[in-house]
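Okay, here's what each chain looks like letter by letter:
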Amino acid sequence: MCQTLVYTLGLQRMSLAAYCVICCRRIGTSTPPPKGNTYWKDIRNIIKFTGSLILGGSLFLTYEVLALKKSVTLDTQVVEREKMKSYIYVHTVSLDKGENHGFTYQARKELHKAVRQVLATSAKMLRGPFADAFNTVDVEDHECAAWLLLRQSQSPDRAARLQAVQEMSRARHWHDYQYRTIAQACDLRTLIGLARSKGSDLRFFLPPPPLPSLKEDSSTEEELRGLLASLPQTELDECTQYFTALALSESSQSLAAQKGGLWCFGGNGLPYAESFGEVPSATVEMFCLEALVKHSEISTHCDKIEANGGLQLLQRLYHLHKDCPKVQRNIMRIIGNMALNEHLHSTIVRSGWVSILAGAMKSPYIMEASHAARTLANLDRETVQAKYQDGVYVLHPQCRTSQPIKADVLFIHGLMGAAFKTWRQQDSDQALADQVSEEARYTACWPKTWLARDCPALRIISVEYDTSLSDWRARCPMERKSIAFRSNELLRKLRAAGVGDRPMIWVSHSMGGLLVKKMLLEASQKPEMSTVVNNTRGMIFYSVPHHGSRLAEYSVNIRYLLFPSLEVKELSKDSPALKALQDDFLEFAKDKHFQVLNFVETLPTCIGSMIKLHVVPVESADLGIGDLIPVDVNHLNICKPKKKDAFLYQRTLQFIRETLAKDLEN
C-alpha cells in the first residue's frame, strides 16, 4: 500500500511539472502581438497561469488529504461489533421528561465531547494523565470512561483507588457490557469495595461459577458429613466435639435415638420432643453446620474446609435452603469466620461468594444484611482494620462511608437475648400497621435505624452469645460458661474489632450489664486492654440485676424440675460472685467517673402461660451511682421503645449525645 501511494504521488507531481513547462513554452513561442495589446495580453496570460496553478494545487492537496485520511482511518464499527458479540445490549430510554434537553444542551454536550477528545489525545501524546474533571462534564453517565476508572482503581495511591470505586458505585446508566467489563477486569480489592459500597449495581458482580456435580449415589447431607469428617477431631473444645459427634452419627435414626425426645433426661432432648423417629435431613444438615461453625473458628480447620471443596458445598446448600434463614445464617457465619484468614480471601472471591454477599447486603431483613456486612468487612482490608469474629456485628456503618467515625456504642443483650431481636421496637399491632412514614415504620432493630440516623458519626456494634434459662434447653449440654468466662471471651473478640480505639458507651440489658461490669474490671488488670477502660465514657443499664434476680430464686427453688443453667444460678441474691462483682465495680466506676444511666421495669413478666414474675425489682437495678428511672413496662420490653419519640428512646439518645458531646465535636 505504501509503494502504491508513493508511485501515485510521483505521477501526480510529474503531471503538474509537465503542465507548467507547456504553459511556459506557449508563452515563450507565441507570435508577438501588436504593441498596443502586448501589455494586457501578458497580464491575462499571467492570470490564467496563476489561476490554473492555484486551482490545480488546491485540488491536488484536497485529493492527497482525503487519500491519506482514508488510508489511515480504522473502521471502529468492526471493533465495536466484535466487542459486543459477548454481551446483550439493551438500549434504555429515560421516562423522565426533564431529561429531554433542547438544542443548547446538545450543542454544549457536543462541544465538551470534542474538548474531551482533544484532551485525551494530548494526554496520550504527552504521556500525561487525563484530567478527571473532564471525565463526567456534561456527558451521559454511560459515556463515562469506564476504563479510566478501572485503571484508577488499581492505582498505587490509596485515595485514588477509593475515589475510583466510589465513582463506579454511583454509575447508574452504563450499558450492560460496561458493567460486565468492570466485573471481568477488576481486581479483588475493587470488587470487594464495590460490594461494600452503598447503591452498587449488582451487574458489577459475575454470577458464581458452576458448582461441581455431586458424586454418584450421594446427597448434600452425605457430602456435608464427609467434609466434617475430613476435619481434625483432636484438641477440640467440648461443644465442638459434641456437635461433630452428633452430626457424624451413622444415620438419621441414630440421631433420633440420641436426641431422644421428651424422655431424654440428659437435658438435650426437649427441643426435639416432637421427633421420636427419623430426624429430617434439614435437621441433620443443621447439626453439621453448627459443628462447622465451631470448626471455622480454628484457622487450620478453615484451610481444610477450603481444600476439601467446602466453599462450593456451602454455596450449594445456601441456594437449596433459600426458604430457611437459619441455615443460611449459619452458612454466613462459617464464611465470615473463614474471611478472618487473609490468605483465603482470593479463594473466597473466586468461588463466587462476593456476588452472593453483595445481594444479601441489599436484603430488607436486618439479620441477613448484617451477616453479609460482617463477612464483607472481614474481606475488606482496604478500609477496615478491625476483624469481626463470630458473634460481633456492625449495625452501622455497614457500607463504606465518607462520614468519619468518632465514637463507638456497644449493645450487649441479656439472658435468652440476641444481637438483633433484643433491640427491636416493642411489638404492637399499631406499629405493624402504621406504614405511612419512614419515622413511624416498625423497626426490627432500633439502634440500626433510629440511632444510626440520629448519630451518624457512631460505629454501632451488637454482640451475640448463647445463653439458656435451663439446661433442658441448652444448645450444647457440655457448655457450662460462667459470667467470668464469657466476659473474657467477649472482651477478646471486641478488642479484635478495634473496641477501645475510640471513645465509647456500653448499652446492656439484664445479664448483659453484669458482663459489661466484668469486662471492664478484667480490662483494668490487663495492660493490653487498658484503652478499653480509658476510652469508656459511660454506660446504660436496662434492668440489670446488680443485686440478684427473682428469676434465679424461683429457678433454684424448683431446680429439680427446671435444671437452671449456670448463668441463672449466678444471678441469685446469695451468690458470692455477684456480690463481689457489684462491690468491686462500684468502687472502680466511682474512681473512673463513669457516666451511668439506669432503667428498671415496674411490671411483672409472663414466663410461660402460668408464671408471672417481677424479674428485676427496683432495688436490684440500683447500681449505686447514676440516675435510676422506673418505666412502666416488663422485663422484656424495658429495652424496646414503643416508637421513636417515646421517652425510653429519647432519654437514651440524650444520654449518648451528652456523654459523647466533646468527642463528637472533635
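Before reading on, note that the structure itself is shown above.
In what follows, the accompanying structure is described. (Residues numbered from 1 in each chain as written. Predicted model: local features only at pLDDT ≥ 70, side-chain atom pairs only at ≥ 80, totals over all residues. Heavy atoms only, no water.)

## Some points on the packing of aromatic side chains
Then, number 1: This model, assessed by the stated rule, comprises 15 aromatic pairs.
Then, number 2: Relative to W353, the ring of Y318 lies with its centre 5.8 Å away and its plane at 75 degrees, an arrangement referred to as edge-to-face. Placement of Y318 in helix α14 (residues 310–320) and of W353 in helix α17 (residues 353–361) is noted, with a sequence separation of 35 residues between them.
Then, number 3: The class of Y318 is buried, set by a relative accessible area of 8%.
Then, number 4: With a centroid separation of 6.3 Å and 85 degrees between ring planes, the pair formed by W423 and W446 is classed as edge-to-face. Placement of W423 in the loop between β2 (407–412) and α19 (429–433) and of W446 in helix α20 (residues 446–454) is noted, with a sequence separation of 23 residues between them. Each member of the pair, W423 as well as W446, is classed as buried. (Phe/Tyr/Trp six-rings, centres within 6.5 Å; stacked < 30°, edge-to-face > 60°. Helix = DSSP H or I, 4+ residues; strand = E, 2+ residues; numbered from the N terminus. Buried < 20%, exposed > 50% of the residue type's maximum accessible area, 1.4 Å probe, protein only.)

## Focus: helix α22 (residues 511–524)
Since the α-helix turns once every 3.6 residues, residues separated by three or four places project in the same direction.
Then, number 1: Under the 1.5 Å per step criterion, the end-to-end length of α22 is 20 Å for 14 residues, consistent within 8% with the ideal 20 Å.
Then, number 2: Burial analysis of α22 places 12 of its 14 residues in the buried class, the great majority of the element.
Then, number 3: Those residues of α22 that fall on the buried side of the exposure criterion are M511, G512, G513, L514, L515, V516, K517, M519, L520, L521, E522 and A523. (Expected span 1.5 Å × (residues − 1).)

## Here we look at helix α5 (residues 146–153)
Then, number 1: Listing the buried residues of α5 in full gives A146, L149, L150, Q152 and S153. The arc that holds the buried residues of α5, viewed along the axis, is 160 degrees, so those residues lie on one side. With respect to the buried face of α5, the exposed residues turned more than 90 degrees away are W147 and R151.
Then, number 2: Summarising the contacts, the buried residues of α5 are in contact with α6 (158–169), α7 (176–185) and α8 (188–195). (Arc of directions from axis to C-beta. Contact = heavy atoms within 4.5 Å.)

## Here's the deal with the pairing of strand β3 (residues 458–463)
Then, number 1: Within β3, 6 of the 6 residues are buried, which leaves the element mostly enclosed by the surrounding structure.
Then, number 2: The alternating pattern of β3 places L458, I460 and S462 on one face and R459, I461 and V463 on the opposite face, and all of these are buried.
Then, number 3: Here β2 pairs with β3 via 6 bridges, running parallel. When the bridges of β3 are listed, A407 appears paired with L458. (Pairing = 2+ DSSP bridges.)

## Notes on the pattern of salt bridges
Then, number 1: For the structure shown, the criterion picks out 18 salt bridges.
Then, number 2: With its nearest N and O atoms 3.8 Å apart, the salt bridge here joins K518 to E522. Here K518 and its partner E522 are both found in helix α22, 4 residues apart, which amounts to about one turn of the helix.
Then, number 3: On the accessibility criterion, K518 (23% relative accessible area) is partly exposed.
Then, number 4: Exposure remark for E522: the relative accessible area of 16% places this residue in the buried category.
Then, number 5: Linked by salt bridges that have partners in common, D176, D201 and R203 make up one network. (Salt bridge = Lys/Arg side-chain N within 4 Å of Asp/Glu carboxyl O.)

## A look at the packing of helix α21 (residues 483–496) against α22
Then, number 1: Direction vectors running N to C along α21 and α22 enclose 70 degrees, while the axes themselves pass 9 Å from each other. Taken together, the axes of α21 and α22 are roughly perpendicular relative to one another. Between α21 and α22 the crossing geometry is right-handed. Side by side, α21 and α22 meet where I483, A484, R486, S487, N488, L490, L491 and L494 of the first sit next to M511, L514, L515, K518, M519, E522 and A523 of the second.
Then, number 2: Among the residues forming the contact of α21 with α22, the class breakdown is 10 nonpolar, 2 polar and 3 charged. (Axes fitted to C-alpha atoms, helices over the stretch in contact; angles between N-to-C directions. Parallel < 35°, antiparallel > 145°, perpendicular 65-115°, else oblique. Left-handed = near helix turned anticlockwise from the far one by under 90°. Nonpolar A, V, L, I, M, F, W, Y, C, P; charged D, E, K, R; others polar.)

## Considering the pairing of strand β5 (residues 536–542)
Then, number 1: For β5, a buried count of 6 out of 7 residues is recorded, marking the element as mostly surrounded by other parts of the structure.
Then, number 2: The pairing of strand β4 (residues 504–509) with β5 spans 6 bridges and is classified as parallel. Residue pairing across strands places W506 opposite M539, the latter belonging to β5.
Then, number 3: Relative to strand β6 (residues 595–601), β5 is paired through 5 bridges, and the arrangement is parallel. Note that in β6 the partner of I540 across the bridge is L597.

## Focus on the environment of E238
Then, number 1: One can find E238 in helix α10 (residues 238–247).
Then, number 2: The sequence separation of E238 and C476 amounts to 238 residues, and the corresponding C-alpha distance is 8.7 Å.

## Observations concerning the sheet that holds β4
Then, number 1: If you trace the 7 strands from one edge of the open sheet to the other, you get β1-β3-β2-β4-β5-β6-β9, paired in mixed fashion. Looking at strand neighbours, the two that pair on one side only are β1 (392–396) and β9 (627–631), the edges of this open sheet. Along the sheet, successive strands turn relative to each other by an average axial angle of 20 degrees, direction set aside.

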